[in-house]
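# Working through the structure, step by step
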Amino acid sequence: MDIGILTQMVLAALAAIFIYILIGFIPGTDETSVLMPITLTVVLSGVAPIVVLTFFIAAIVTLNLTNSIPTSLVGLPGGVMSSPMLEHSLFLKDKGLSAMVIKKMSVGALIGTIISIPIALILANFLAPYGAKLQEIGPLLFVLGAIFLSLIGSNKVLSLVSIIPMSILFMALRHLYWGIGLVPEDTNITTSFFLGITIGPLIVSLFNLLNKDIREGQLTKEKKKITIPDDSLDRSLNPLRILNKNEIKRASFAALISNFLFVLSPVGLTILIGEAVSNRIEDPVNRATTAITSMSALIQSTYISGIIIPLIAIGIPLSPTAVGPGGALFNAPPVFTIDNNLHHILSRKEFVVAILIGGVLASSITYIITNRFASRITTFVLKKIPHEAILALFISFILLLAYMDAGLINIFGVLLIGISCGTLNKLGVNYGIQFMALYAAPWIIEKLALF
Amino acid sequence: MDKNRQMVEIWGDIVDIKSLIVSIVISSITTMGLYFLAPNGNQMMELFLGLAGAVLGFIISSIIIKPKRIIDFENQDTNK
């Protein structure tokens, strides 16, 4: 590995840190929709695969921590992953403890990163011999994944029932595009369908506004009232002084076990384990800070294990993180395909180097910046950035990627997916199930056709 | 503030419907506009310019539209 590549890796990590610090502080930005398009651009730009991986690792580590900040400062979740913390954050904010919460979050994130990188690497090594076998039965695993996620979801029956209709929808559009010669028959459009699923609930909310009766019912006269606490912080950056022993133990334990459950939904795991390690604590403040510290560690560890293990050991996106935000690392034609992606291109040593450079740079820089500037950055974002511009930004991402995948008709195709999947989502069929169904669709349709 | 203003809550924050439509139109135009400036068939440039357009639209919307938030500052005692 020469100096040129190393320099590129460091620069890529710094770029990711810069971009995702800015994005992370914006409330309500969905992880998948902000990670996927930018990672895809980096992949398509033709930089070395190892640089792509460094960029992505730095991006998730940075985004996961910065997303938590608006949650504690102003009570607006920075993204999907930080929503489990909301209740505890609001409770502590009412007690006037926001500044302390941010410190605990950042140390929690540090713990999550430090624990899960080595554990995920070890697990990946352990699973690697079975990788080829797992890959062979990949499509079946996606079906099982969809069924499994349905069974632990909030609307089990509807989730199970909707797997096949969703597969039909995805394959119907693909066959339409093949049939009219829009894309070659060996191209499976995935990226834009994926974002269609992600943006679905937003599309449904927007379309609801077009109905006069529903709109009248939702109108409000009130602006959003937000109180920003003053950051008269104690300047200590020593992680050991910010957390007590109990918090360190519980956060470490939470991060550790989540690695073994990398195939499950990161947000689900964060709620489940985060509540489990904290709910027996009697003192309410202590309980809330322990929950937040552990959740912050879990957000990092679920993402890191969810991307590292499938990348190194399996080569197909077999976890919600890999299938979602990290999708472009597995499948981004023409650069990466399911048979030739980072898994096949990088050696074990290259994986470790890229993950360490991305992870270490991102966690140390983000740690310092969030501790020093959290409330200044938040104030700037809330004062200057209108929510309208954020929603419009997402919509233009979708337009762009839909058009790039298969032209004008696909914009409406993605709209169709957004309306259908968004409606299902609001009824309790979560993202994970829908993403799994998208990957399982070819296999499901092939088997259905036999009967 | 004019009486015609229609505000709703979407995705955890308040938006004005008219401003929302304006910013969606602006972002769509800048995104697809820059996209079509890219040399034909160069996927990397198309994506790059498209994303640059999306960011440009985002900046324009941020300048012409005011956030619907009322921000207060409070002094807090870190030691509770």
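Structure report, in brief. (Residues numbered from 1 in each chain as written. Chains lettered and ligands numbered in written order. Predicted model: local features only at pLDDT ≥ 70, side-chain atom pairs only at ≥ 80, totals over all residues. Heavy atoms only, no water.)

### Describing the overall build of chain A
Within chain A, the regular secondary structure consists of 20 helices and one strand. For 451 residues, the compact-globule estimate of 2.2 N^0.38 gives 22 Å, and the C-alpha radius of gyration of chain A, at 21 Å, lies within 12% of that figure. Counting every position in chain A, which comprises 451 residues, the buried fraction comes to 59%. Restricting the contact set of chain A to residue pairs at least 6 apart, pairs at least 24 apart contribute 80%. A total of about 17,100 Å² of accessible surface is found on chain A, and carbon and sulfur atoms cover 67% of it. Placing the 28 positive and 23 negative side-chain charges of chain A at their respective mean positions leaves the two points 9 Å apart. (Helix = DSSP H or I, 4+ residues; strand = E, 2+ residues; numbered from the N terminus. Rg over C-alpha atoms; globule rule 2.2 N^0.38 Å. Buried < 20%, exposed > 50% of the residue type's maximum accessible area, 1.4 Å probe, protein only. Contact = heavy atoms within 4.5 Å. Areas by Shrake-Rupley, 256 points an atom, 1.4 Å probe, with all protein chains shown as cover. Lys, Arg positive; Asp, Glu negative; His and termini not counted. Charge placed at Lys NZ, Arg CZ, Asp CG, Glu CD.)

### Quick word on the overall build of chain B
Helices and strands together make up the secondary structure of chain B, namely two helices and three strands. Going residue by residue from the N terminus, the α and β elements of chain B occur as β-β-α-α-β. Within the span of chain B, comprising 80 residues, buried residues form 46% of the whole. In chain B, the proportion of contacts linking residues at least 24 apart, taken out of those at least 6 apart, comes to 43%.

### So, the layout of surface pockets
Residues and elements named next belong to chain A. In this model, the largest pocket occupies a volume close to 1,200 Å³. Around the largest pocket, the lining is made up of 47 residues, and of these Asn188, Ile189, Thr190, Asn331 and Pro333 lie nearest the centre. Ranked by the residues each element gives to the lining of the largest pocket, the list is headed by helix 19 (residues 387-426), at six residues. Among the residues making up the lining of the largest pocket, the classes are represented as 28 nonpolar, 12 polar and seven charged. (1 Å grid on protein atoms, 1.4 Å probe; cavity = no way out; pocket = protein on both sides within 12 Å on 5 of 7 lines; lining within 4 Å. Points joined across faces, edges and corners; volume = space filled by probe spheres on them. Nonpolar A, V, L, I, M, F, W, Y, C, P; charged D, E, K, R; others polar.)

### Details of the packing of helix 12 (residues 245-260) of chain A against helix 13 (residues 266-278) of chain A
Between two packed helices, the angle of one axis relative to the other and the distance separating the axes together describe the packing. Residues and elements named next belong to chain A. Two elements in contact, helix 12 and helix 13, have axes whose closest approach is 10 Å; the angle formed by their N-to-C orientations is 145 degrees. The element helix 12 and its partner helix 13 pack so that their crossing is right-handed. Between helix 12 and helix 13, the contacting residues are Arg250, Phe253, Ala254, Ile257 and Ser258 on the first element and Leu269, Ile273 and Val277 on the second. Taken together, the residues of the contact of helix 12 with helix 13 sort by class into six nonpolar, one polar and one charged. (Axes fitted to C-alpha atoms, helices over the stretch in contact; angles between N-to-C directions. Left-handed = near helix turned anticlockwise from the far one by under 90°.)

### Observations concerning the interface of chain A and chain B
Interfaces are often described in size by the accessible area the parts lose on coming together. With 60 residues of chain A at the interface, the matching set in chain B holds 50 residues. Both sides together, the interface formed by chain A and chain B hides about 5,200 Å², and carbon and sulfur atoms give 70% of it. Summed over the shared surface of chain A and chain B, the result is two salt bridges. Residue A:Lys224 pairs with B:Glu9 through a salt bridge whose shortest N-O separation is 3.5 Å. Of all the elements in the fold, those that place two or more residues in the side of chain A that touches chain B are helix 2 (31-44), helix 6 (98-136), helix 9 (191-210), helix 10 (212-218), strand 1 (224-229), helix 18 (348-384) and helix 19 of chain A. No other element matches helix 19 of chain A, which puts 16 residues into the side of chain A that touches chain B. Taken together, the residues of the side of chain A that touches chain B sort by class into 36 nonpolar, 12 polar and 12 charged. (Buried area = accessible area lost by both parts, 1.4 Å probe. Salt bridge = Lys/Arg side-chain N within 4 Å of Asp/Glu carboxyl O.)

### Side note on the pattern of salt bridges
Residues and elements named next belong to chain A. Enumeration over the complete set of coordinates arrives at six salt bridges over all chains. Between Lys225 and Glu222 there is a salt bridge whose closest N-O contact spans 3.8 Å. Lys225 sits in the exposed class, given a relative accessible area of 58%. The salt bridge partner of Lys447 is Glu446, with a shortest N-O separation of 3.8 Å. A relative accessible area of 31% places Lys447 in the partly exposed class.

### Focus: the nonpolar core
The biggest cluster of nonpolar side chains holds 150 residues, and the ones touching the most others in it are A:Tyr20, A:Leu53, A:Phe170, A:Phe193, A:Ile307, A:Leu329 and B:Ile10. When residues in this core are grouped by element, the largest group, 19 residues, is from helix 19 of chain A. With 10 residues, the next largest nonpolar core counts A:Ala251, A:Ala255, A:Ala297 and A:Tyr367 among its residues. (Core = buried A, V, L, I, M, F, W, Y, C linked by side-chain atoms within 4.5 Å.)

### Here's the deal with the environment of A:Phe394
Structurally, A:Phe394 is set in helix 19. Look at A:Phe394 and you get buried, because its relative accessible area is 1%. Sequence-wise, A:Phe394 and A:Phe193 are 201 residues apart; in three dimensions their C-alpha atoms are separated by 14 Å. Aside from chain neighbours lying at most four places away, what touches A:Phe394 is A:Gly28, A:Thr29, A:Asp30, A:Ser33, A:Val34, A:Ile199 and B:Trp11.

### Thoughts on the packing of aromatic side chains
Remark: the centre distance and the inter-plane angle together describe each pair of aromatic rings, the angle taken between the planes. This model, assessed by the stated rule, comprises eight aromatic pairs over all chains. One aromatic cluster is present, built from ring pairs that chain together A:Phe194, A:Tyr431 and A:Phe435. (Phe/Tyr/Trp six-rings, centres within 6.5 Å; stacked < 30°, edge-to-face > 60°.)

### Here's the deal with a nonpolar patch on the surface
Residue and element names in this part refer to chain A. A surface patch of nonpolar side chains, amounting to about 870 Å² of accessible area, comprises Ile137, Leu140, Leu144, Ile147, Phe148, Leu151, Ile152, Val157, Leu160 and Val161. Of all the elements in the fold, those that place two or more residues in the nonpolar patch are helix 7 (138-151) and helix 8 (156-179). With five residues, the top contributor of residues to the nonpolar patch is helix 7. (Patch = residues over 30% accessible without salt bridge, like charges linked within 9 Å, V, L, I, M, F, W, Y side chains within 5 Å.)

### Things to note about empty space enclosed by the protein
All names here are of chain A. Tallying each qualifying case throughout the model produces two cavities of 30 Å³ or more. Val61, Leu65, Ser106, Ala109, Leu110, Thr113, Gln300, Ala362, Ser363, Thr366 and Tyr367 together form the lining of the second largest cavity. Residue assignment for the lining of the second largest cavity shows that the elements contributing at least two residues are helix 3 (49-66), helix 6 and helix 18. When the residues that make up the lining of the second largest cavity are grouped by side-chain class, the tally is six nonpolar, five polar and no charged.

### Remarks on the pairing of strand 2 (residues 13-16) of chain B
All names here are of chain B. The two faces of strand 2 match: Asp13 and Val15 on one face and Ile14 and Asp16 on the other face are all buried. Pairing analysis gives four bridges linking strand 1 (residues 7-10) to strand 2, with the strands arranged antiparallel. Bridge pairing in strand 2 places Ile10 opposite Asp13. Connecting strand 1 to the next strand, strand 2, in antiparallel fashion are two residues, including Trp11 with a positive phi near 50 degrees. (Pairing = 2+ DSSP bridges.)

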